[in-house]
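# Structural description and commentary
Okay, here's what each chain looks like letter by letter:
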Amino acid sequence: FVLFISSTLKNIFIKMLRSLSGTVRSLVSSHCRSNALRASATVGVRHSSGQALTDEEFDAKYIKLLEDPKVDNWIARKHLNELMRYDLIPEPKIVIAALKMCRRLNEYALAVRFLEMLEYRCDCVQNVSKDIWPYMYQEIKPTLDELGVLTRAEMG
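Residues numbered from 1 in each chain as written. Predicted model: local features only at pLDDT ≥ 70, side-chain atom pairs only at ≥ 80, totals over all residues. Heavy atoms only, no water.

### Observations concerning the side chain of Thr 151
Checked against the element boundaries, Thr 151 lands in the loop between α6 (132–147) and α7 (152–155). Those residues in contact with Thr 151, other than ones at most four positions away along the chain, are Leu 115, Tyr 137 and Leu 144. (Helix = DSSP H or I, 4+ residues; strand = E, 2+ residues; numbered from the N terminus. Contact = heavy atoms within 4.5 Å.)

Quick look at the structure:
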């Protein structure tokens, strides 16, 4: 009789836990979904409120940001990450400004990493044109030599 009661209580307890876990799961899921919808709506509003920049304005904006003498190491990484998030390959003059900023901050590793990201981005677009990285390398090579920065291929 004691075994029967304890197994019955055990089954009731398991059913209660399963019911409770299902309820908690649905509450958390609906809360996360509503927060995600709210966040995506906010992001959409933030991005749609800005005006599109022309190519010249975009280049000028980033050259100004990268040549700013007040930029520290953290801000430099922030600017380069922001630049690489765009679906574009930056102009050589922006790349040169970024390399000079890295050298000014004594961030050799950041300069090499930026070149790696740039080379990868150029290689991804090679289905369209195989001339992008050779052109970019040709344009930034004098600056690389001046600053003493090696590319991944030159390092071996």
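### A word on the nonpolar core
The biggest cluster of nonpolar side chains holds 30 residues, and the ones touching the most others in it are Leu 80 and Met 101. If we skip the residues at most four places from it in the chain, Leu 80 touches Leu 66, Ala 98, Met 101, Cys 102, Leu 110 and Phe 114. (Core = buried A, V, L, I, M, F, W, Y, C linked by side-chain atoms within 4.5 Å. Buried < 20%, exposed > 50% of the residue type's maximum accessible area, 1.4 Å probe, protein only.)

### Structural notes on a negative patch on the surface
A cluster of acidic residues, Asp 55, Glu 56, Glu 57 and Glu 91, forms a negative patch on the protein surface. Looking at where Asp 55 falls in the secondary structure, it is placed in helix α2 (residues 55–67). (Patch = residues over 30% accessible without salt bridge, like charges linked within 9 Å, V, L, I, M, F, W, Y side chains within 5 Å. Areas by Shrake-Rupley, 256 points an atom, 1.4 Å probe, with all protein chains shown as cover. Salt bridge = Lys/Arg side-chain N within 4 Å of Asp/Glu carboxyl O. Lys, Arg positive; Asp, Glu negative; His and termini not counted. Charge placed at Lys NZ, Arg CZ, Asp CG, Glu CD.)

### Description of the environment of Lys 93
Within the element layout of this structure, Lys 93 appears in helix α4 (residues 92–104). Lys 93 gets classed as partly exposed once you look at its relative accessible area, which sits at 47%. Expressed as a C-alpha distance, the spacing of Lys 93 and Ile 63, which sit 30 residues apart in the sequence, is 7.7 Å. Those residues in contact with Lys 93 that lie beyond four places of it in its chain are Asp 59 and Ile 63.

### What about helix α3 (residues 73–85)?
In this model, α3 (13 residues) spans 18 Å end to end at C-alpha, consistent with the 18 Å of a helix rising 1.5 Å per residue. Those residues of α3 not exposed but buried are Ala 76, His 79, Leu 80, Leu 83 and Met 84. Take α3 and look down its axis: the buried residues cluster within an arc of 130 degrees, on one side only. Exposed and oriented more than 90 degrees from the buried face of α3 are Trp 74 and Arg 85. On its buried side, α3 packs onto α2, α4 and α5 (108–124). (Expected span 1.5 Å × (residues − 1). Arc of directions from axis to C-beta.)

### Looking at the packing of α2 against α3
Two numbers describe how α2 lies on α3: the axes approach to 10 Å, and their chain directions differ by 160 degrees. Here α2 is positioned roughly antiparallel relative to α3, judged by the angle of their axes. Note on packing geometry: the crossing formed by α2 with α3 is left-handed. Contacts between α2 and α3 involve Phe 58, Lys 61, Tyr 62, Leu 65 and Leu 66 on the former and, on the latter, His 79, Leu 80, Glu 82 and Leu 83. Partitioning the contact of α2 with α3 into residue classes produces six nonpolar, one polar and two charged. (Axes fitted to C-alpha atoms, helices over the stretch in contact; angles between N-to-C directions. Parallel < 35°, antiparallel > 145°, perpendicular 65-115°, else oblique. Left-handed = near helix turned anticlockwise from the far one by under 90°. Nonpolar A, V, L, I, M, F, W, Y, C, P; charged D, E, K, R; others polar.)

### Section: the pattern of salt bridges
One pass over the full model with this rule turns up seven salt bridges. Among the salt bridges present, the one from Glu 116 reaches Arg 113, with a minimum N-O distance of 2.9 Å. Pair noted here: Glu 116 and Arg 113 are both in helix α5, with a separation of three residues, about one helical turn. Connected through salt bridges with shared partners, the residues Lys 141, Asp 145 and Glu 154 form a single ionic network.

### Section: the packing of aromatic side chains
Summed over all chains, the structure comprises four aromatic pairs. Residues Phe 58 and Tyr 86 carry aromatic rings whose centres are separated by 5.2 Å and whose planes lie at 90 degrees to one another, so their mutual orientation is edge-to-face. Taken together, the positions of Phe 58 in helix α2 and Tyr 86 in the loop between α3 and α4 put the pair 28 residues apart, joining distant regions of the chain. Classification of Phe 58 by relative accessible area gives buried; the value is 11%. (Phe/Tyr/Trp six-rings, centres within 6.5 Å; stacked < 30°, edge-to-face > 60°.)

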